[in-house]
Amino acid sequence: MSRKKLGFWTSSSLVVGNMIGSGIFLLPATLASYGSISIIGWVISAFGAAALAFVFIEFSKMLPGTSGGPYVYSRSGLGDFAGFLVAWGYWTSVWCANAAIAIALIGYLGVFFPALQTNSVLAVSTGLSIVWGVVWLNTKGVREAGIFSLITSIMKITPLIAIGTFGLFYLKVENFSSFNISGVSDLRAITATATLTFFAYMGIECATIPSGDIENPARTIPRSTYFGLTITAVAYILGTVSLLGIIPAEELQYSQAPFSDAAAIIWGPWAENLVAFGAIVSTLGALNGWILVQGQIPAAIARDKLFPPIFAKENKNGVPALSLIISSLLISILILMNYSKGLVKAFQFVLLLSSMTALLAYLFTSVSYAIVTAQKEGITKGFALKISLAIVAFIFSIWAIAGSGVEIVYWGFILLILGLPLYVWMQIRKHKED
């Protein structure tokens, strides 16, 4: 029986849904501490994200129908070892991020169900139930998870675009006079905001990861990636412009719910709950999309005999169910850590650590693209343009990694090293089988 595959809209929703998570609902408040100069940061980071999108799209054309995204692309130009490091770091970052998304979802649900804010047992039970409910949905098939992603993406993007659009009619020009209130130079402020906003585009590669389950991937992945990036960038920039124009930066930077505050100004107090509901849908959609990814990455590397074969085992729906289950057990442990008083700081540190290892995937993919392109096409006029965009993607990746901080980069390197014994073991097994 042939599998039902993802089309343009479901693939696009995977890109949009995984980029727009819980963070965007608070990010404008963080950016407000810099002033309206943060809009420039958004534009620059969007340019960097577009360069990365180009690299992933070109790779999807070179290796159509090959699932694994960053892992497969890095391995194709840099070999097994680099591919393993990327997959190990990326997989770790995804299940860590999923734990954070689940905890953020519990926080948003607490607006409607206050008991979740005071009862740790209820909060943990709710979080675990949601995670395993989404895992169950994903075991039903990639297309079913894709349809759910499409529904939640529409529901999450609607309030962001609505506030961004209608908010333009409530702008106060004088609010933009606070161009740079950070106390640092314009260049440093732009660098800081570009680094912060660049993290909001993480997930741009997600249409390439289940490539084997996408209809006509050579055509669908480029279109869905560019479409998803465009929709997301418009929502981000339009929303930030409107919020900065409606609420003075000096006030916005202290807001606990900036989009809710803006909605209340535009439509009245009732709209605050609507935005809170939008945040819940947004977070749930992101959790669904990233859980799909967390099953696909280890399955892809297991098929290449660089990960234990149990991760590649598929159920009757063609889903790597055991890969999903093992990854979700790790999510569950992190959720429990967060609600254990002595382990909260450890959880927060692991989350920061995981963001750095995800960026490593972008770095390696950019380098690998330059190598593979040179091997396949040689040094031509078109090669120069392609390499230029790969260099931009490489620079942005380095920039974001450096922005993670010295301590995080240090421990991120340690995290990668921890995967080496597994790599050695899999190499020994592989040679024995050969």
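Residues numbered from 1 in each chain as written. Predicted model: local features only at pLDDT ≥ 70, side-chain atom pairs only at ≥ 80, totals over all residues. Heavy atoms only, no water.

Engineer: How should the overall build of the chain be read in this particular structure?
Structural biologist: Secondary structure summary: the chain contains 18 helices and zero strands in total. What you see for the chain is a C-alpha radius of gyration of 21 Å, in line with the 22 Å of a compact globule of 434 residues. With respect to the principal axes defined by its C-alpha atoms, the chain has extents near 70 × 55 × 45 Å. Taking all 434 residues of the chain together, the buried fraction comes to 56%. In the chain, once contacts between residues fewer than 6 apart in sequence are set aside, the share between residues at least 24 apart is 83%. For the chain, the computed accessible surface area is about 17700 Å², with 69% contributed by carbon and sulfur atoms. (Helix = DSSP H or I, 4+ residues; strand = E, 2+ residues; numbered from the N terminus. Rg over C-alpha atoms; globule rule 2.2 N^0.38 Å. Buried < 20%, exposed > 50% of the residue type's maximum accessible area, 1.4 Å probe, protein only. Contact = heavy atoms within 4.5 Å. Areas by Shrake-Rupley, 256 points an atom, 1.4 Å probe, with all protein chains shown as cover.)

Engineer: Hey, could you run me through a nonpolar patch on the surface in this one?
Structural biologist: On the surface, F166, L168, F169, Y170, L171, I265, W267, W270 and L274 cluster together into a nonpolar patch covering about 930 Å² of accessible area. The set of elements that each furnish at least two residues to the nonpolar patch consists of helix 12 (258-267) and helix 13 (270-303). A residue is classified by how much of its surface remains accessible, and L171, at 31% relative accessible area, is partly exposed. (Patch = residues over 30% accessible without salt bridge, like charges linked within 9 Å, V, L, I, M, F, W, Y side chains within 5 Å. Salt bridge = Lys/Arg side-chain N within 4 Å of Asp/Glu carboxyl O.)

Engineer: Sorry, what's going on with the environment of V319 here?
Structural biologist: Considering the arrangement of structural elements, one finds V319 in the loop between helix 13 and helix 14 (321-338). Its relative accessible area of 3% is what places V319 among the buried residues. For the pair V319 and G141, spaced 178 residues apart in the sequence, the C-alpha separation amounts to 6.0 Å. Other than its neighbours up to four places away in sequence, V319 contacts N138, T139, G141, V142, K313, E314 and L324.

Engineer: So what exactly am I meant to see when it comes to the packing of aromatic side chains here?
Structural biologist: To describe a pair of aromatic rings, one takes the distance between the centres and the angle between the planes. The tally for this structure, following the rule as stated, stands at 24 aromatic pairs. On the basis of an interplanar angle of 55° and a centroid distance of 5.4 Å, the ring pair of F8 and F227 is categorised as tilted. Here F8 is found in helix 1 (residues 8-19), whereas its partner F227 is found in helix 10 (residues 217-246), with 219 residues between them in sequence. Members of the aromatic cluster, each reached through a chain of ring pairs, are F81, F84, W88, W91, W95, F307, F311 and Y423. R223 extends its terminal NZ or CZ atom over the ring of F8, reaching a point 4.5 Å from the ring centre. (Phe/Tyr/Trp six-rings, centres within 6.5 Å; stacked < 30°, edge-to-face > 60°. Lys NZ or Arg CZ within 6 Å of the ring centre and 35° of its normal.)

Engineer: Would you mind going over helix 7 (residues 120-139) with me for this structure?
Structural biologist: Residues lying three or four places apart along an α-helix face the same way, a consequence of the helix completing one turn every 3.6 residues. Its 20 residues place the ends of helix 7 29 Å apart at the C-alpha level, agreeing with the 28 Å of an ideal helix rising 1.5 Å per residue. Turning to helix 7, its buried residues number three or more, namely A123, V124, T126, G127, I130, V131, V134, V135, L137, N138 and T139. On its buried side, helix 7 packs onto helix 5 (80-109), helix 6 (115-118), helix 8 (142-166), helix 13 and helix 14. Two or three places before V121, at the opening of helix 7, N119 has a side-chain oxygen 3.1 Å from that residue's backbone nitrogen. Within two residues after helix 7, G141 carries a phi angle of roughly 140°, on the positive side. (Expected span 1.5 Å × (residues − 1). Polar contact = N/O pair within 3.5 Å; in protein donor to acceptor, adjacent residues only side chain to side chain.)

Engineer: Would you explain the side chain of S74 in this entry?
Structural biologist: For S74, the position within the fold is in helix 4 (residues 70-78). The buried category is assigned to S74, whose relative accessible area is 0%.

Engineer: How do you make sense of the nonpolar core when you look at a structure like this?
Structural biologist: Soluble, globular proteins show a tendency: their nonpolar side chains are buried together. Residues Y90, Y201 and F307 are the most contacted members of the largest nonpolar core, which totals 124 residues. Setting aside anything within four residues of it in sequence, one finds Y90 in contact with P70, E205, C206, I209, W290, V293, I297, T357, A358 and A361. (Core = buried A, V, L, I, M, F, W, Y, C linked by side-chain atoms within 4.5 Å.)

Engineer: Is there a simple way to explain the environment of V184 in this structure?
Structural biologist: With respect to the helices and strands, V184 occurs in the loop between helix 8 and helix 9 (186-198). In sequence terms V184 and W411 are 227 residues apart; their C-alpha atoms lie 28 Å from each other.

Engineer: I would appreciate a short explanation of the pattern of salt bridges in the present structure.
Structural biologist: A side chain of one charge can pair with a side chain of the opposite charge if their charged atoms are brought near each other. A complete count under the given rule lists five salt bridges for this structure. For K61, the salt bridge identified is with E58, shortest N-O distance 3.5 Å. One end of the pair is K61 and the other is E58, both in helix 3 (residues 38-62) and three residues apart, which spans about a single turn. On the basis of relative accessibility, which here comes to 44%, the residue K61 falls in the partly exposed class. Taking the relative accessible area as the measure of exposure, E58 reaches 12% and is therefore buried. A salt bridge links R303 to E314, with the shortest nitrogen-to-oxygen separation between them at 3.8 Å. Here E314 lies in the loop between helix 13 and helix 14 and R303 lies in helix 13, a separation of eleven residues in the sequence. Each of E58, K61 and K386 takes part in one network of salt bridges that share partners.

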